[in-house]
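# Chains, contacts and geometry: an overview
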Amino acid sequence: MNPSPSTSEAPPPQPKGYVVRHGVTRNLGEFTTTGGALFLRGSDVVIRTDRGHEVGHVLCPAVPQAVKQLVEPTSGQILRTLTAEDRQRLERLREQQRADYDAGVNLIGQRRLQMELVDVERLFGGERVIFYFLAEKRVDFRELVKDLARELASRIELRQIGVRDEAKLKADYGDCGKPVCCNTHMPVMPPVSMRMAKLQKSTLDPTKISGRCGRLKCCLRFEQDVYEEFQQQLPAIGSRVVTSKGQGRVLAQEILARRVLIEFEDGRRLPVALAEVLTKL
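First things first, this report covers the structure right here in the doc. Computed from a prediction, not measured in an experiment: that's the story for all the values here.

## Observations regarding the overall build of the protein chain
In terms of helices and strands, the protein chain carries 8 helices and 13 strands. The globule rule puts the C-alpha radius of gyration for 281 residues at 19 Å, and the 27 Å found for the protein chain is more than 25% above it. Evaluated residue by residue, the protein chain yields a buried proportion of 36% over its 281 residues. Within the protein chain, contacts between residues separated by at least 24 positions form 57% of all contacts whose residues are at least 6 apart in sequence. Element-wise, carbon and sulfur atoms account for 51% of the exposed surface of the protein chain, whose accessible area totals about 17400 Å². Side chains of the protein chain carry 44 positive and 36 negative charges; the gap between the two charge centres is 3 Å.

Okay, structure coming up:
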């Protein structure tokens, strides 16, 4: 017998790029490589962006499914894996950032500007130093930029942020005991309303539904679509229904449990599963 011809599987296509997280604001973007270079997930790399040279963290290959999830993605090129010398330089930059922060606070105080310095970012390539600040009103910081440029002998950029952005920069853990979402996987913070808290029957105590930023917790938004979908499937409050237990009026909805509280014609009040509702009158 002739041996059956061997069938070798085609090698998986090599990724043309990677999704990389970079910057103190944890930007996400699609970054290309040169010469077909491969990088492991979790690698620290030196990248080139439109801001300059930065240090990034490889999350995954830039497959279409991953790229589709990116909101306002950045772009650029991965230059190399971070070397031991690069890590030493990065540590020196972090020390310098602490000195930059102190210098910024002093100069803001000298000019009596109504602004609060939140964080400082020095790009790995030394192209610029970025100061992030909070302010309730518009601030004329043109002279402050000149002061900082003279003090630090660097190109200066000042960027005003909101309180939710401050949490993204500085917060660590939430009430759930896990790292705050805006500091990990959430590049853009979604709008959250009190209506969402009411629909999900969360406590309306501001201290319980507010995040580290003092605003409504972003996790209220994560489940909102499911709540809305399930609520549409349930009979509306006040409607009359026919069930396997009799006819009655809907008093309340238990959305996630997918059941309703019904007051029957004989005065009984019982929770009834959606599957037991035969007709909506």
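Text resumes after the structure shown.
## Comments concerning the pattern of salt bridges
All chains considered together, the criterion is met by 22 salt bridges. Look at the salt bridges and you will find they share partners, linking Arg-51, Glu-54 and Glu-121 into a network.

## So, the nonpolar core
Counting residues in hydrophobic clusters, the biggest one holds 17 residues, and the most contacted among them are Met-115, Phe-131, Leu-144, Leu-148, Ile-156 and Leu-158. Going through the elements one at a time, helix 2 (84-111), strand 6 (116-122), strand 7 (129-134), helix 3 (142-152) and strand 8 (156-160) are the ones with two or more residues in this core. Of all hydrophobic cores here, the second largest spans 12 residues; its members include Leu-234, Val-241, Val-250 and Val-277.

## So, the side chain of Arg-164
Assignment of secondary structure puts Arg-164 in helix 4 (residues 163-170). The side chain of Arg-164 sits in the buried core without any salt bridge; Asp-165 is the nearest counter-charge, 7.7 Å away. The residues contacting Arg-164, other than those within four sequence positions of it, are Met-189, Pro-190, Val-192, Cys-213, Arg-215 and Cys-218.

## As for the packing of aromatic side chains
According to the stated counting rule, one finds 2 aromatic pairs in the structure shown. An angle of 90° between the planes, with centres 5.9 Å apart, marks the rings of Tyr-18 and Phe-39 as edge-to-face. Of this pair, Tyr-18 sits in strand 1 (residues 17-22) while Phe-39 sits in the loop between strand 2 (27-32) and strand 3 (44-48), and the two are 21 residues apart along the sequence. Measuring from ring centre to ring centre gives 5.6 Å for Phe-133 and Phe-141, while their planes differ by 75°; the resulting arrangement is edge-to-face. The ring of Phe-264 carries Arg-268 above its face, with NZ or CZ at 4.7 Å from the centroid.

## Details of empty space enclosed by the protein
Taken as a whole, this structure holds 1 cavity of 30 Å³ or more when the rule is applied. Empty space within the largest cavity amounts to approximately 40 Å³. In this structure, the largest cavity is lined by Arg-21, Arg-26, Leu-28, Lys-168, Cys-182, Thr-184, His-185, Met-186 and Pro-187. In terms of residue class, the lining of the largest cavity is made up of 4 nonpolar, 2 polar and 3 charged.

## Describing the pairing of strand 5 (residues 74-81)
Pairing analysis gives 4 bridges linking strand 2 to strand 5, with the strands arranged parallel. Bridging across to strand 5, Glu-30 finds its partner in Ser-75. Bridging between strand 3 and strand 5 involves 4 bridges; their strand directions are antiparallel. Bridging from a neighbouring strand, Arg-48 pairs with Gln-77 of strand 5.

## Thoughts on unusual backbone geometry
Look at Arg-26: it is not a glycine, yet its phi comes out positive at around 55°. On the secondary structure map, Arg-26 appears in the loop between strand 1 and strand 2. The phi dihedral of Ala-153 is positive, around 55°, even though this residue is not glycine. Summarising the element assignment, Ala-153 is placed in the loop between helix 3 and strand 8. For Ala-153, a relative accessible area of 69% gives the class exposed.

## Side note on the sheet that holds strand 3
Strand order in the closed barrel formed by 5 strands is 1-2-5-3-4, with mixed pairing between adjacent strands. Across the sheet, the axes of successive neighbouring strands diverge by a mean angle of 55°, strand direction being ignored.

Scoring rules and cut-offs
- The residue numbering used here restarts from 1 in each chain and proceeds along that chain's sequence as written.
- Local features in this predicted model are restricted to residues of pLDDT 70 or higher, and side-chain atom pairs are both shown and tallied only at a pLDDT of 80 or more, whereas totals for entire chains, interfaces and linings draw on every residue.
- Side-chain descriptors were evaluated using all non-hydrogen atoms of the structure, hydrogens and water having been removed beforehand.
- Segments assigned H or I by DSSP are reported as helices when at least four residues long, segments assigned E as strands when at least two residues long, and all are numbered from the N terminus.
- For the radius of gyration, the atom set is restricted to C-alpha positions; the globular benchmark scales as 2.2 Å times the number of residues to the power 0.38.
- Per-residue accessibility, obtained with a 1.4 Å probe over protein chains only, is compared with the maximum for each type, and a residue is labelled buried under 20%, exposed over 50%, and partly exposed between these values.
- We call two residues in contact whenever any of their non-hydrogen atoms come within 4.5 Å of each other.
- Working definition of accessibility: Shrake-Rupley area with a 1.4 Å probe, residue cover restricted to the visible protein chains.
- For this count, His and the chain ends are skipped, Lys and Arg are scored as positive, and Asp and Glu as negative.
- The atoms used to mark charge sites are NZ of Lys, CZ of Arg, CG of Asp and CD of Glu.
- Put simply, a salt bridge is a Lys or Arg side-chain nitrogen that is within 4 Å of an Asp or Glu carboxyl oxygen.
- We call a set of buried Ala, Val, Leu, Ile, Met, Phe, Trp, Tyr and Cys residues a nonpolar core when their side-chain atoms join them within 4.5 Å.
- Pairing of aromatic rings covers Phe, Tyr and the six-membered ring of Trp, with a centre-to-centre limit of 6.5 Å; geometry is then stacked below 30 degrees between planes, edge-to-face above 60, and tilted otherwise.
- Criterion for a charge above a ring: Arg CZ or Lys NZ at most 6 Å from the ring centre, at most 35 degrees from the ring normal.
- A 1.4 Å probe that fits into a set of points on a 1 Å grid over the protein atoms alone but cannot get out defines a cavity; an open set with protein on both sides within 12 Å along at least five of seven lines defines a pocket, and lining residues are those with an atom within 4 Å of a point.
- Grid points are joined across faces, edges and corners, and a volume is the space filled by probe spheres set on the points.
- Residues are grouped as follows: Ala, Val, Leu, Ile, Met, Phe, Trp, Tyr, Cys and Pro are nonpolar; Asp, Glu, Lys and Arg are charged; every other residue, Gly included, is polar.
- Strands pair, by our definition, only if DSSP identifies at least two bridges between them.
- Axes here mean lines fitted to C-alpha atoms, for a helix over just the part in contact, with angles spanning 0 to 180 degrees between N-to-C directions.

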